[in-house]
Amino acid sequence: MEYTEQQQYWIWLSSVEGIGCKRFYQLLTAFEEPRAVWEDGGEHLGFLGEKTLANLKQARNERYFYQLFARLERLGVRAITRLHEEYPAELTQICDPPAVIYVKGNPDLQRERAMAVVGSRRCTREGRQAAREFTRTLAENGVSIVSGLARGIDTCAHEGCLEGGGHTIAVLGSGVDQVYPPENTGLYQRILDSGGAIISEYLPGTPPLAGNFPARNRIISGLSQGVLLVEAAARSGAMITVRYAADQGKEIFAVPGSVYAPQSESPNLLIRDGAGVALSGWDILEAMRWSDRPKPDSVVKPEIELDEEERIVVEPLKDEELSYEELVERTRIPPARLNSLLTTLELRGIIKQNPGKMYRVYPGVF
């Protein structure tokens, strides 16, 4: 991968430990270009602080410079500076745009249709289902999905996009060579194999430090035309992304949930305050004017065949969620037989069991 001399000095300066985004631009304002920082030698850099200045002096040698670019080449990582044509125009509009983005995979980050999908790491089964189904619908209609590769909703968002044959971008709070969480190693590779990208503003080798994640959220929202919040408790970190999106003037959508469910608290509050209601991926596609919803008569639902006992179990669950004990009382079916029927209906995808052994019919089945 080739870089101009000016680009090389941008990458070099941003790689120095302690010189984050704010300090980089502070130096750029003072010196006009990173090469002037290299040539200064530390004479006018005391404002950086003793530790960062020591790191800068240590990095100010040809060996460090050579090894930096040799390592990027070895890892197959492309560094895209704000001087590159490939730098996403959307990111130039956000507060503190990253000076350099490290990319593994497809370096084309300019997407006309991109939706950020965020939510809780400790999501419910319904939340996982919604994230996967919504993103699959979006991907099938040409929308790229941007998320953070974290456990929970992020993981399901990337997976749903891949199931829909789309491209997805994972923005990390670590170096792009650091898979976190480690159980997403397979997903990480699938994203790359499908033509997606793993990106970060942090130098390869940077571990997933807690302080890195809030800042990376501005990139997740910045790369997208809108943000979908699936599930999030009152103080969820996912709300940081939503706040960045609001500041950036992006469209915000939320999946509603029960007023008694902790993980639905933030989405419900967003909806109360004016966010778009997302009951399916089609609500987002229509609101963003990306695609029209199929007409109801063009969608043929397969007929669900139920025997008499199954019908007795399913009918009351169409109207409301019921506990196992309530089903025993309503159906008058012996417990052993009822257990068997519930298991069969759940495996067939007709009903679902929620926490607390509460049962309901899957939305949209009938």
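Cut-offs and rules
Residues numbered from 1 in each chain as written. Predicted model: local features only at pLDDT ≥ 70, side-chain atom pairs only at ≥ 80, totals over all residues. Heavy atoms only, no water. Helix = DSSP H or I, 4+ residues; strand = E, 2+ residues; numbered from the N terminus. Buried < 20%, exposed > 50% of the residue type's maximum accessible area, 1.4 Å probe, protein only. Contact = heavy atoms within 4.5 Å. Areas by Shrake-Rupley, 256 points an atom, 1.4 Å probe, with all protein chains shown as cover. Lys, Arg positive; Asp, Glu negative; His and termini not counted. Charge placed at Lys NZ, Arg CZ, Asp CG, Glu CD. Core = buried A, V, L, I, M, F, W, Y, C linked by side-chain atoms within 4.5 Å. Pairing = 2+ DSSP bridges. Axes fitted to C-alpha atoms, helices over the stretch in contact; angles between N-to-C directions. Phe/Tyr/Trp six-rings, centres within 6.5 Å; stacked < 30°, edge-to-face > 60°. Lys NZ or Arg CZ within 6 Å of the ring centre and 35° of its normal. Right-handed = clockwise from strand over helix to strand, strands pointing away.

1. Things to note about the overall build of the protein
Next, step 1: Looking only at helices and strands, one finds 15 helices and 12 strands in the protein.
Next, step 2: With respect to the three principal axes, the spread of C-alpha positions in the protein is 85 × 40 × 40 Å.
Next, step 3: Relative to its 366 residues, the protein shows a buried fraction of 50%.
Next, step 4: Once local pairs closer than 6 in sequence are excluded, the contacts in the protein between residues at least 24 apart make up 68%.
Next, step 5: Of the roughly 18,200 Å² that the protein leaves accessible, carbon and sulfur atoms contribute 49%.
Next, step 6: Seen as two clouds, the 41 positive and the 50 negative side-chain charges of the protein have centres 3 Å apart.

2. Looking at the nonpolar core
Next, step 1: Residues I11, W12 and L56 are the most contacted members of the largest nonpolar core, which totals 40 residues.
Next, step 2: Looking at this core, the elements that each hand over two or more residues are α1 (5-15), α2 (21-31), α3 (34-40), α4 (50-59), α5 (62-75), β2 (100-105) and α8 (185-193).
Next, step 3: Per-element tally for this core: the top contributor is α2, with 6 residues.
Next, step 4: For I11, the residues in contact, after removing those within four places along its chain, are Y3, L68, F69, L72, A79, T81, V100 and Y102.
Next, step 5: Residues I101, V103, V118 and A245 belong to the second largest nonpolar core, which totals 29 residues.

3. Quick notes on the sheet that holds strand β6 (residues 197-200)
Next, step 1: Strand order in the open sheet formed by 9 strands is β1-β2-β6-β5-β4-β3-β7-β8-β9, with mixed pairing between adjacent strands. In this open sheet, the two edge strands, each paired with only one partner strand, are β1 (78-81) and β9 (276-277).
Next, step 2: In this structure, strand β3 (residues 114-118) lies alongside strand β4 (residues 144-147), joined through 3 bridges in parallel fashion. Considered in β4, the bridge of M115 is made with I145.
Next, step 3: The sheet strands contacting helix α10 (residues 238-247) are β3, β7 (226-229) and β8 (251-254), and the helix crosses β7 at an angle near 150 degrees.

4. Brief notes about the packing of aromatic side chains
Next, step 1: Following the criterion strictly, the structure yields 10 aromatic pairs and no others.
Next, step 2: Where Y3 meets F69, the ring centres are 5.6 Å apart and the plane angle is 55 degrees; that geometry is what we call tilted. Remark: F69 occurs in helix α5 and Y3 occurs in the segment before α1; sequence separation between them is 66 residues. As far as the burial class goes, Y3 and F69 line up, both buried.
Next, step 3: Ring centres 5.3 Å apart and planes at 50 degrees place the aromatic pair F65 and F69 in the tilted group. Here the residue F65 and the residue F69 both occupy positions in helix α5, the gap between them amounting to 4 residues, near one helical turn. Summarising the burial analysis for this pair, F65 and F69 share the class buried.
Next, step 4: Here the aromatic cluster, defined as three or more aromatic residues joined through ring pairs, consists of Y3, Y9, W12, W38, F65 and F69.
Next, step 5: Seen from the ring of Y324, K357 lies directly overhead, with NZ or CZ sitting 4.6 Å from the centre.

5. Topic: unusual backbone geometry
Most of the time, phi is negative for any residue but glycine, and the peptide bond is trans.
Next, step 1: Cis rather than trans, the peptide bond between Y180 and P181 has omega equal to 0 degrees.
Next, step 2: With respect to the helices and strands, P181 occurs in the loop between β5 (168-171) and α8.
Next, step 3: Notably, E32 is not glycine yet its phi reads approximately 75 degrees, a positive angle.
Next, step 4: The residue E32 is located in the loop between α2 and α3 in this model.
Next, step 5: With a phi close to 60 degrees, R289 is a non-glycine residue in the positive phi region.
Next, step 6: Topologically, R289 is positioned in the loop between α12 (281-287) and α13 (308-319).
Next, step 7: Taking the relative accessible area as the measure of exposure, R289 reaches 77% and is therefore exposed.

6. What about the pairing of β7?
A regular strand places its side chains on the two faces of the sheet in alternate fashion.
Next, step 1: Along β7, one buried face is formed by G226 and L228 and the opposite face, lined by V227 and L229, is buried too.
Next, step 2: With 4 bridges connecting them, β7 and β8 associate as parallel partners. Looking at β8, one finds that V227 is bridged to I252.
Next, step 3: In this region the chain leaves β7, passes through α10 and returns to the parallel neighbour β8; the handedness of that crossover is right-handed.

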